[in-house]
Amino acid sequence: MIISEIFKKKGEPFFRILEEKISLLSLKKKNSVISLGGGAFLNKNIRRTVKNSSVSFWLDVNIEELSRRLKSSKKRPLLNKKNLNETIQKIYIERKKTYNEADFRIKCYFQKPEDIVEKIIRIYEKKRN
């Protein structure tokens, strides 16, 4: 099932349990890049595992850019609300404190994806050595 179907048929709590199991299994892999969903890092078990075994990056995007990117998305059940901008702002504010627990925060405003990737590689290589 796709995420929106899981939310619809089984609910968000079921999805979060599944997300935790899959994320924790994925985090055991070596030499991997794992992109966690926006809600995954909020989970204490996932966050603890990330902090103990990985280098984490918060790719911070401003609310206006998030709204632009997500305005036509049907794949994000938490955003299927009437006022998208208000919902995004509420979620961003609620999650910001936890996201700040990532090892590194990269402000992605007005940066090209390849520049962001280069920055991540530089930080990771420096931390590794």
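Details of the structure are given in the entry above.
None of the values given here were measured: they were computed from a predicted structure.

A closer look at the pattern of salt bridges
- Evaluation of the coordinates by the stated rule reveals nine salt bridges.
- Here R16 and E12 are joined by a salt bridge, their closest N and O atoms 3.1 Å apart. One end of the pair, R16, and the other, E12, are both in helix 2 (residues 12-26), four residues apart, so they sit about a helical turn from each other.
- Look at E12 and you get partly exposed, because its relative accessible area is 30%.
- Residues E101 and K51 are paired through a salt bridge, measuring 2.5 Å at the closest nitrogen-oxygen approach. In this pair, E101 sits in the loop between helix 5 (84-99) and strand 2 (104-107) while K51 sits in helix 3 (residues 44-53), placing the two residues 50 residues apart along the sequence.
- The class of E101 is partly exposed, set by a relative accessible area of 33%.
- Judged by its relative accessible area of 40%, K51 is partly exposed.
- Where salt bridges share partners, they join E12, R16 and E19 into one cluster.

Digging into the packing of helix 4 (residues 63-70) against helix 5
- Taken N-terminus to C-terminus, the directions of helix 4 and helix 5 make an angle of 125 degrees; their axes are 10 Å apart at the nearest point. The orientation of helix 4 with respect to helix 5, classified from their angle, is oblique. The chirality of how helix 4 crosses helix 5 is right-handed. Side by side, helix 4 and helix 5 meet where I63, L66, S67 and L70 of the first sit next to L84, N85, I88, Q89 and Y92 of the second.

Remarks on the pairing of strand 1 (residues 57-60)
- Residues W58 and D60 point to one face of strand 1 and are all buried, whereas F57 and L59, pointing to the other face, are not buried.
- Bridging between strand 1 and strand 2 involves four bridges; their strand directions are parallel. Paired with L59 across the bridge in strand 2 is I106.

Rules and cut-offs
Residues numbered from 1 in each chain as written. Predicted model: local features only at pLDDT ≥ 70, side-chain atom pairs only at ≥ 80, totals over all residues. Heavy atoms only, no water. Salt bridge = Lys/Arg side-chain N within 4 Å of Asp/Glu carboxyl O. Helix = DSSP H or I, 4+ residues; strand = E, 2+ residues; numbered from the N terminus. Buried < 20%, exposed > 50% of the residue type's maximum accessible area, 1.4 Å probe, protein only. Axes fitted to C-alpha atoms, helices over the stretch in contact; angles between N-to-C directions. Parallel < 35°, antiparallel > 145°, perpendicular 65-115°, else oblique. Left-handed = near helix turned anticlockwise from the far one by under 90°. Contact = heavy atoms within 4.5 Å. Pairing = 2+ DSSP bridges.

Scope: geometric values only; no functional claims are made or implied.
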